[in-house]
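Summary of the model geometry
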Amino acid sequence: MLGRLGIGPDEEAVYRVMLKDGPGAVAGLAEALGWPEERARSALDRLAALSLVRPSADGGPGRPVDPEVGLASLLAGQETELLEKERQIKASRIAMAGLLADIRATGQGVSEVQKLRSMDQIQSKIEHLAGTCTSEIAAFVPGGGQSEEHLEAARPLDTSTSDRGVRLRYIFLDSCRNSPATREYVAWLGERGGLVRTVPRLPLRMLIYDRSRAIVPMDATAADQGALVFDGTGALTGLLALFEQTWQQAKPLGESAAEAAAGQGGPLSPPERAVLDLLTEGFTDEAIARQLGVSVRTVRRVTADLMQRLGARSRFEAGVLATTKGWVKV
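Residues numbered from 1 in each chain as written. Predicted model: local features only at pLDDT ≥ 70, side-chain atom pairs only at ≥ 80, totals over all residues. Heavy atoms only, no water.

1. Overview of helix α6 (residues 148-163)
With 16 residues, α6 ought to run about 22 Å at 1.5 Å a step, and its terminal C-alpha atoms sit 22 Å apart, in line with that. The largest bend along α6 reaches roughly 30 degrees and is located at Arg-155, with the proline Pro-156 sitting one to four residues downstream. The complete set of buried residues in α6 reads Leu-151, Arg-155, Asp-158, Thr-161 and Ser-162. Backbone geometry just downstream of α6 places Gly-165 in the positive-phi region, at approximately 85 degrees. (Helix = DSSP H or I, 4+ residues; strand = E, 2+ residues; numbered from the N terminus. Expected span 1.5 Å × (residues − 1). Bend = angle between axes of the 7 residues up to and from the residue. Buried < 20%, exposed > 50% of the residue type's maximum accessible area, 1.4 Å probe, protein only.)

2. Some details on the packing of aromatic side chains
Under the definition given, this model contains 3 aromatic pairs. Here Tyr-185 and Trp-188 contribute two aromatic rings whose centre-to-centre distance is 5.5 Å and whose plane-to-plane angle is 35 degrees, an arrangement assigned as tilted. Residue Tyr-185 and its partner Trp-188 are both found in helix α7 (residues 180-191); the two are separated by 3 residues, about one turn of the helix. Relative accessible area serves as the criterion here: at 2%, Tyr-185 is assigned to the buried category. With a centroid separation of 5.9 Å and an interplanar angle of 20 degrees, the aromatic rings of Phe-243 and Trp-247 are classed as stacked. Of this pair, Phe-243 and Trp-247 both sit in helix α8 (residues 234-249), 4 residues apart, which is roughly one turn of that helix. Summarising the burial analysis for this pair, Phe-243 and Trp-247 share the class buried. The ring centre of Trp-188 lies 4.6 Å from the NZ or CZ of Arg-155, which sits over that ring. Across from the ring centre of Trp-247, 5.0 Å away, lies the NZ or CZ of Arg-169, which sits over that ring. (Phe/Tyr/Trp six-rings, centres within 6.5 Å; stacked < 30°, edge-to-face > 60°. Lys NZ or Arg CZ within 6 Å of the ring centre and 35° of its normal.)

3. Section: the environment of Glu-86
Summarising the element assignment, Glu-86 is placed in helix α4 (residues 67-106). Residue class for Glu-86 comes out partly exposed when judged on its relative accessible area of 38%. Residues Glu-86 and Gln-245 lie 159 residues apart in sequence; the distance between their C-alpha atoms is 8.7 Å.

4. Observations concerning the sheet that holds strand β10 (residues 251-252)
Taken in spatial order, the 8 strands of this open sheet run β3-β9-β8-β7-β4-β5-β6-β10, and their pairing is mixed. Two strands in the sheet have a free side with no partner beyond their single neighbour: β3 (113-116) and β10. When strand β7 (residues 206-209) meets strand β8 (residues 213-217), the two strands line up antiparallel, connected through 3 bridges. Looking across to β8, one finds that Tyr-209 is bridged to Arg-213. Those strands touched by helix α5 (residues 119-132) are β3, β4 (136-141), β7, β8 and β9 (227-231), and its axis lies near 155 degrees from that of β8. (Pairing = 2+ DSSP bridges. Contact = heavy atoms within 4.5 Å. Axes fitted to C-alpha atoms, helices over the stretch in contact; angles between N-to-C directions.)

Okay, here's the thing in structure tokens:
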């Protein structure tokens, strides 16, 4: 119920018990909830970090802050953060629009900007970049709910890239939540490890490959007028910043479906499950890398992604939340 305020189910349960019964020992809280003490202690630590529990005068585990004060403070903090994100995104959009206008008007940087005039050229370039990328595809997908024809055409590329371990991060419009075909596609993509979020509006259609190449339309209002391919230009830096800021503000699509699936093993790819299992067993990054035969960098990237999906601020908390969701076996 309080997840949107950054309060997980464990923290909410402990907070409710403390508000009802008053401060008590960790053992008492654990007994009231039927939990191991470590689980109750972890939730208390998180509540303290959120300033919903303050130190007790008698040295006990803490006293609950009045919810009218504590929850209002959390909400105010989120509102301030949201306003700052909106300001940053607006500034990025303005900077990007100005840069693109300069490039189109003056022809500067033509050695690093390729123009694609026809839809056939655009599709061929997309197929080439999707087929050769090695780490990530990040995309803005405007237009609301996607047609079944478009989604079916996208499946082969998404299948081939995800099979190679390429991370997929797509941002759709909020309106696509009303499209059964799009939601079914997102569920399928999630099973392959893809991540999809939504926002109320997007400035343009955009594809970024391996954080080094990007495709954007020459005219954001008319995709059939051609596209620009940026390769290592200053504009690409701005596009990357725009994507990351929008991603942070966007909401996960299919969140409820993912939570339901978590009870049956969770929406995890085999590499993610292997990393999470070893992480909860206390292995270090280096040990996990040796166990799985991958680089330490890959382990840290997968771990960071899992923590983001779980809403965890520490690896220990990630393990607790993953266990609670049923993503790992106790």
